Amino acid sequence: MNPLTLWIGITAGTLTTISFLPQAIKTLRTRSTDDFSWSYLVLFSVGVLLWDCYGWLRRDIAVVAANTVTLILVVLIMGVKAFGQR
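Student: Sorry if this is basic, but what is going on with the environment of Val-75 here?
Tutor: Residue placement: Val-75 occurs in helix H3 (residues 61-84). Note on Val-75: relative accessible area 47%, which makes it partly exposed. It is 15 Å that separates the C-alpha atoms of Val-75 and Arg-29, two residues lying 46 residues apart in sequence.

Structure, rendered in structure tokens:
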């Protein structure tokens, strides 16, 4: 893979994953998930899981890394919604 292409992928994945991080931190801190619908969380997590699978199939570390971290964050939010809500 072209080094420029790789760095664009890593930068894009990092920025999109980091953009989700403040909301995940707020949700874990406040235990409030009222603004998240289950349909959003399920559809988003399935989409991220499929992107992760795509990255593995393409052997694209940028896609795999970004989507694995994002999937972990969304699963944590789903856990709070299911078990930790006030």
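Student: Please clarify how the packing of helix H1 (residues 3-30) against H3 should be interpreted in this entry.
Tutor: At a minimum axis distance of 8 Å, the contact between H1 and H3 shows a crossing angle of 10°. When the interaxial angle is binned, H1 and H3 end up roughly parallel. For the pair formed by H1 and H3, the contact residues are Leu-6, Gly-9, Ile-10, Gly-13, Thr-17, Phe-20, Leu-21, Ala-24, Thr-27 and Leu-28 on the first element and Ile-61, Ala-62, Ala-66, Val-69, Thr-70, Leu-73, Val-74, Leu-76, Ile-77 and Val-80 on the second. Per-class residue counts for the contact of H1 with H3 are 15 nonpolar, 5 polar and no charged.

Student: What is the right way to look at the nonpolar core in this model?
Tutor: Soluble globular proteins tend to bury their nonpolar side chains together. Within the largest apolar cluster, 10 residues are counted, these being Phe-20, Ala-24, Phe-36, Leu-41, Val-48, Leu-71, Leu-73, Val-74, Ile-77 and Met-78. For this core, the secondary-structure elements that each account for two or more residues are H1, helix H2 (38-58) and H3. Per element, the largest residue contribution to this core is 5 residues, and it comes from H3.

Student: Looking at this structure, how should I read the packing of H2 against H3?
Tutor: Two measures define how a pair of helices packs: the angle their axes make with one another and the distance between the axes. Where H2 meets H3, the axes come as close as 9 Å, and the angle between the chain directions of the two elements is 155°. Relative to H3, the element H2 lies roughly antiparallel. Read as a crossing pair, H2 and H3 show a hand that is left-handed. Side by side, H2 and H3 meet where Trp-38, Leu-41, Val-42, Phe-44, Ser-45, Val-48, Leu-49, Trp-51, Asp-52, Tyr-54, Gly-55 and Trp-56 of the first sit next to Val-63, Val-64, Asn-67, Thr-68, Thr-70, Leu-71, Val-74, Ile-77, Met-78, Lys-81 and Ala-82 of the second.

Student: Would you take a moment to explain the side chain of Lys-81 for this structure?
Tutor: By the element assignment, Lys-81 lies in helix H3. No salt bridge forms around the buried Lys-81; measuring N to O, its nearest opposite-charge neighbour Asp-34 is 5.5 Å away. With sequence-adjacent residues up to four places away left out, Lys-81 is seen in contact with Thr-33, Phe-36, Ser-37, Trp-38 and Leu-41.

Student: Please explain H3 as it appears in this structure.
Tutor: Taking 1.5 Å per residue, 24 residues should reach 34 Å; H3 reaches 33 Å between its end C-alpha atoms and fits that length. One side-chain oxygen at the N-terminal end of H3 lies 3.1 Å from the backbone nitrogen of Ala-62; it belongs to Asp-60.

Rules and cut-offs
- Residues numbered from 1 in each chain as written.
- Predicted model: local features only at pLDDT ≥ 70, side-chain atom pairs only at ≥ 80, totals over all residues.
- Heavy atoms only, no water.
- Helix = DSSP H or I, 4+ residues; strand = E, 2+ residues; numbered from the N terminus.
- Buried < 20%, exposed > 50% of the residue type's maximum accessible area, 1.4 Å probe, protein only.
- Axes fitted to C-alpha atoms, helices over the stretch in contact; angles between N-to-C directions.
- Parallel < 35°, antiparallel > 145°, perpendicular 65-115°, else oblique.
- Contact = heavy atoms within 4.5 Å.
- Nonpolar A, V, L, I, M, F, W, Y, C, P; charged D, E, K, R; others polar.
- Core = buried A, V, L, I, M, F, W, Y, C linked by side-chain atoms within 4.5 Å.
- Left-handed = near helix turned anticlockwise from the far one by under 90°.
- Lys, Arg positive; Asp, Glu negative; His and termini not counted.
- Salt bridge = Lys/Arg side-chain N within 4 Å of Asp/Glu carboxyl O.
- Expected span 1.5 Å × (residues − 1).
- Polar contact = N/O pair within 3.5 Å; in protein donor to acceptor, adjacent residues only side chain to side chain.

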